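Each chain, letter by letter, is given below.
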Amino acid sequence: MNNIQGQMKELFGNSCLAYCYAYLFLRTDEVKTLTKAVLFGWYNGYIDDDGFVSKPLSYIKLTSGKDIKDIEKVYINDLSELPEGKMIVVEYKKKPTDKASHFVVACDGVIEFDPSGESQTVKVGKPFSYRKLIY
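All of these numbers come straight from a predicted model, not from anything done at the bench.

1. Quick look at the sheet that holds strand S2 (residues 88–93)
(1) Moving on: Within the open sheet, the 5 strands sit side by side as S1-S5-S2-S3-S4. Their pairing is antiparallel. Looking at the sheet topology across the chains shown, the edges are occupied by strand S1 (70–75) and strand S4 (110–113). Mean inter-strand twist for the sheet, computed between neighbouring axes without regard to direction, equals 40°.
(2) Moving on: Here S1 pairs with strand S5 (residues 126–134) via 6 bridges, running antiparallel. Its bridge partner lying in S5, Tyr75 is registered against Ser129.

Here it is as structure tokens:
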């Protein structure tokens, strides 16, 4: 028998990056709208069953209609290192050596969107990197 609730818990429990990209391009924090984007990305094979965004360029195109050429992972130590005046997807880690991370959207040194509300990783951790979108 299929554990649908377990599968959805895995998908949504690990979909912070997918939610951040949806928020970044849809400019809403309305849960149904963002979740629809995540489900559509999952349905089309751009998001894996475990919530990992395996095809981010395709997912962004699906969500926003924008053609992004590439995404660069830029390492940082503080939100003050982010480009000014832009909403940016930021990766946080509790410790730099941790494999686990959490994604939020920040602008001008302030977290604008956290799909977990107030993530423990953000509370006790530090910014680790951001995703630079190359058009």
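From this point on, the discussion continues.
2. Notes on the nonpolar core
(1) Moving on: Counting residues in each nonpolar core, the largest one holds 25 residues, and the members touching the most others are Tyr21, Tyr59, Val89 and Leu133.
(2) Moving on: Broken down by element, this core gets its largest block of residues, 10 residues, from helix H2 (residues 16–26).
(3) Moving on: Beyond its immediate sequence surroundings of up to four residues, Tyr21 is in contact with Pro56, Tyr59, Ile60, Ile71, Val89, Arg131 and Leu133.
(4) Moving on: Ranked by size, the runner-up nonpolar core spans 11 residues in total, among them Ile76, Ala106, Val122 and Tyr130.

3. Notes on unusual backbone geometry
(1) Moving on: Residues other than glycine seldom take positive phi values, yet Arg27 does so here, at roughly 55°.
(2) Moving on: Checked against the element boundaries, Arg27 lands in the loop between H2 and helix H3 (31–43).
(3) Moving on: The exposure class assigned to Arg27 is exposed, which follows from its relative accessible area of 55%.

Calculation notes
- Once a new chain begins, its residue numbering starts again from 1 and follows that chain's sequence as written.
- Local features in this predicted model are restricted to residues whose pLDDT is 70 or higher, and side-chain atom pairs enter the listing and the counts only when it is 80 or higher, whereas totals over whole chains, interfaces and linings include all residues.
- In computing side-chain properties, one takes all heavy atoms of the structure into account and sets aside hydrogens as well as water.
- Strand pairing is defined by DSSP finding a minimum of two bridges between the two strands.
- Helix numbers and strand numbers start at the N terminus; a helix is a DSSP run of H or I with at least 4 residues, a strand a run of E with at least 2.
- To get an axis, a line is fitted to the C-alpha atoms, and for a helix only the part in contact is used. The angle between two axes follows their N-to-C directions and goes from 0 to 180 degrees.
- We call a set of buried residues a nonpolar core when its members are Ala, Val, Leu, Ile, Met, Phe, Trp, Tyr or Cys and they connect through side-chain atoms within 4.5 Å of each other.
- Buried residues are those whose accessible area, probed at 1.4 Å on protein chains only, stays under 20% of the maximum for their type, while exposed residues exceed 50% and partly exposed ones sit between those limits.
- Note on contacts: a residue pair is in contact if any heavy atoms of the two residues lie within 4.5 Å.

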